[in-house]
Amino acid sequence: MNLQRTFQCSLLKSRWVFFLLQIISLFRVGAPTVIKNSNNEKPFFVEPVPNITAPVGRDVSIPCVVDRLGSYGVAWIKVEDKVILSIYKNVITRNYRVSLTHSDNKYFVLHIANIQESDRGGYMCQVNTTPMMSQTGYLDVLTPPTIVSLETDSNKTVREGVNITLRCRADGHPTPNITWRREDAGRIPLITDTGKRVSVHSFEGEELQLLRISRLHMGAYLCIASNGIPPSISRRILIDVEFPPVLWVPNQIVRAYLGERVLLRCYVESYPKAWGHWKKDATPINDSVLILSSEVDRGSYKQLFVLHISSIDEDSFGTYECSARNTLGWARGNITLYERPRAPTTTAEPLLMENQRQVYYEPNTPPSTPVQLSSTATLAAVKDQRSLGHSEQTKRNAINSGSSTKSVTFSFVCFLYYVSFTGKFSRHF
């Protein structure tokens, strides 16, 4: 308001504007004949000229209502430029976006189409009385933010461990707020003034300081400017952090069966990207049908090197070396491939076949005591016999042996009795 009053006072001192209004009021064409009040009442403003706020590109109307105007004239003046826009019913300015409507010798409305930043300022409605009467309204033009390219950083490539500051500046009305975010929605690692390490999703301010920068800072950052007037605008700044390769092997010892397919892996972090090599027992490996190396890109600075061995043979076992190299250095790691032995079988094997009988050694009996099974014996009987303990089996063998002896003795006695009874033995011998 103080600025508006200052402009108003300066215009009131411009006597040539006052005299011009007086002359036009005397000689204007088509002016209505107005009879002044008998008490010579002067014009007065019915209401103040309003202050208007509007976004750029809109149309605005600024009213000026004067009662008892009589033969006096009304003029619109741009305060900052001291430019006469209209006098009474006539538009003076050459700005085609400015027009005037009036009615009842009382309402004088100034129209500005498609307002621009240059239209921002004070607009004075003057009446050529003595002394001059005036009122001023202020037009505030809101503009969305725009990035100032000359004062905003571009992409950066730095070495790990240095300090950098990202700058971003924007114009707009009202003054835009600057917010920093990562494009991948990740957190931003920061170091506070007290040396404490923190990570935040966003940071407010025109300058973003990244101290002792590391590979964790690598990526794209967005400088977002907003002031409540759409649209908001952003600038993308890419940060590349250079460092030598760092390599690690998740499994340094791998065991595999003959004929099995094996994948040997080593993980690498580096920037610029590293190129990888494989060796076996200090001999470089070339891609072939059985062995093939490949690379998997896992991000801006992460890689995975894989060695594919399609079928393990005796020559495949040994020590493999994975190495990675870039312009800043190199790293390597070893993987040893061993043969995995086959597990021994526990099934009893047949020893011989006699008269359709299978003879097995029982696990709990010495080899000199075979178990004879008839051809009709079932697998259940074999399992049952194997489940017997050593002592139980010994008792059973003793019983079977005694039964066999008794049977032979009885048969021999019967034979002697038969010979003595029939006398056949003596005749034959």
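Everything numeric here is computed off the predicted structure, so don't read it as measured data.

Definitions and limits used
Residues numbered from 1 in each chain as written. Predicted model: local features only at pLDDT ≥ 70, side-chain atom pairs only at ≥ 80, totals over all residues. Heavy atoms only, no water. Helix = DSSP H or I, 4+ residues; strand = E, 2+ residues; numbered from the N terminus. Buried < 20%, exposed > 50% of the residue type's maximum accessible area, 1.4 Å probe, protein only. Contact = heavy atoms within 4.5 Å. Areas by Shrake-Rupley, 256 points an atom, 1.4 Å probe, with all protein chains shown as cover. Pairing = 2+ DSSP bridges. Disulfide = S-S within 2.5 Å. Salt bridge = Lys/Arg side-chain N within 4 Å of Asp/Glu carboxyl O. Polar contact = N/O pair within 3.5 Å; in protein donor to acceptor, adjacent residues only side chain to side chain. Core = buried A, V, L, I, M, F, W, Y, C linked by side-chain atoms within 4.5 Å. pLDDT = per-residue confidence, 0-100.

Novice: An account of the overall build of the protein is requested, with residue identities and associated values reported.
Specialist: Per the secondary structure count, the protein includes five helices and 31 strands. Put simply, the protein has 429 residues, and 35% of those count as buried. Put simply, 62% of the contacts in the protein that link residues at least 6 apart link residues at least 24 apart. As displayed, the protein offers around 26200 Å² of accessible surface, 53% of which is attributable to carbon and sulfur atoms.

Novice: Lay out the sheet that holds strand 3 (residues 60–67) in plain terms, naming residues and giving numbers.
Specialist: Strand order across the open sheet formed by four strands is 1-3-8-7, with antiparallel pairing between neighbours. Only two strands of the sheet have a single partner each, and these edge strands are strand 1 (44–45) and strand 7 (98–103). Inspection of the sheet shows strand 7 paired to strand 8 (residues 107–112) by six bridges, in the antiparallel sense. Bridge pairing links Thr101 to Val109 in strand 8.

Novice: I'd love a proper account of the sheet that holds strand 23 (residues 275–280), names of residues and values included.
Specialist: Pairing in this open sheet of five strands is mixed, and the strands run 21-28-27-23-24 from one edge to the other. Both edges of this open sheet fall to strand 21 (253–256) and strand 24 (283–284), since each of them pairs with a single strand only. Looking at chain direction, strand 21 and strand 28 (residues 329–339) are connected through four bridges and run parallel. If you follow Ile253 over to strand 28, its bridge partner there is Thr336.

Novice: An account of the state of the cysteines is needed here, citing residue identities and associated values.
Specialist: Scanning the model with the defined rule gives three disulfides in all. Disulfide partner of Cys168: Cys223, at an S-S distance of 1.7 Å. Disulfide Cys168-Cys223: torsion about the S-S bond near -65 degrees, hence left-handed. Of this pair, Cys168 sits in the loop between strand 12 (164–167) and strand 13 (170–173) while Cys223 sits in strand 19 (residues 219–226), and the two are 55 residues apart along the sequence. The partner cysteine of Cys266 in its disulfide is Cys322, sulfur to sulfur 1.9 Å. You can see Cys266 sitting in strand 22 (residues 262–271) and its partner Cys322 sitting in strand 27 (residues 318–326), a full 56 residues away along the chain. Listing the disulfide partners of the protein by sequence rank of the bonded cysteines yields 1-2, 3-4, 5-6.

Novice: Could you give an account of the pairing of strand 5 (residues 83–87), with specific residues and numbers?
Specialist: In terms of burial, strand 5 is largely enclosed, as four of its five residues are buried. Where strand 4 (residues 74–78) folds back on strand 5, the antiparallel hairpin that results is connected by four residues, among which Lys82 adopts a positive phi of roughly 55 degrees. Joining the antiparallel neighbours strand 5 and strand 6 (residues 90–91) is a turn of two residues, in which Tyr88 adopts a positive phi near 55 degrees.

Novice: Give me the pattern of salt bridges: which residues, what numbers.
Specialist: Counted according to the given criterion, the structure contains 13 salt bridges. In this structure, Asp171 engages Arg169 in a salt bridge whose closest nitrogen and oxygen atoms are separated by 3.2 Å. Residue class for Asp171 comes out partly exposed when judged on its relative accessible area of 34%. The network of salt bridges with shared partners includes Glu117, Arg120 and Asp140.

Novice: So what about the environment of Arg215? Which residues, and what values?
Specialist: Mapped onto the elements of the fold, Arg215 is located in the loop between strand 18 (207–210) and strand 19. Classification of Arg215 by relative accessible area gives buried; the value is 17%. When near neighbours in sequence (up to four residues on either side) are disregarded, Arg215 contacts Glu160, Val241, Phe243, Val246, Glu269 and Tyr301. Within the local environment of Arg215, its side chain forms a polar contact with the side chain of Glu269, the two groups lying 3.0 Å apart.

Novice: Any details on the nonpolar core? Residues and values, ideally.
Specialist: If you look at the biggest cluster of nonpolar residues, it comprises 29 residues, and the most contacted ones within it are Trp76, Tyr123 and Leu139. Of all the elements in the fold, those that place two or more residues in this core are strand 2 (52–55), strand 3, strand 4, strand 5, strand 7, strand 8, strand 9 (121–127) and strand 10 (133–147).

Novice: Can you lay out unusual backbone geometry for me, pointing to particular residues and giving the numbers?
Specialist: In this structure, the amide linkage connecting His173 to the following residue, Pro174, adopts the cis form with an omega of 0 degrees. Within the secondary structure layout, Pro174 lies in the loop between strand 13 and strand 14 (177–182). The linkage connecting Pro230 with the following residue, Pro231, adopts the cis geometry, with an omega of 0 degrees. The topology assignment puts Pro231 in the loop between strand 19 and strand 20 (233–248). Positive phi values are uncommon outside glycine, yet Tyr88 reaches one of about 55 degrees. Within the secondary structure, Tyr88 is located in the loop between strand 5 and strand 6.

Novice: Run through the confidence of the model for the protein, naming residues and quoting values.
Specialist: Counting all residues, the mean pLDDT for the protein is 80, and 70% of those residues have values of 70 or more. Note on residues 1–19: pLDDT under 50 across the span, and 25 contacts to partners over four residues away in sequence or across chains. Below pLDDT 50 for its whole length, residues 21–38 participates in 23 contacts with residues either more than four positions away or in separate chains.

Novice: Report on the side chain of Asn326, specifying residues and quantitative values.
Specialist: With respect to the helices and strands, the residue Asn326 is situated in strand 27. Take Asn326: its relative accessible area is 5%, and that puts it in the buried class. From its side chain, Asn326 meets the backbone oxygen of Pro272 in a polar contact 3.0 Å long. Residues within four places of Asn326 in sequence aside, it is in contact with Phe243, Pro244, Pro245, Ser270, Tyr271, Pro272, Lys273, Ala274 and Trp275.

Novice: Give a description of the side chain of Asp140 that names residues and reports values.
Specialist: Relative to the assigned elements, Asp140 resides in strand 10. For Asp140, a relative accessible area of 17% gives the class buried. Polar contacts involving the side chain of Asp140 include one to the side chain of Arg120, which spans 3.5 Å. Among the polar contacts made by the side chain of Asp140, one reaches the side chain of His173 at a distance of 2.7 Å.

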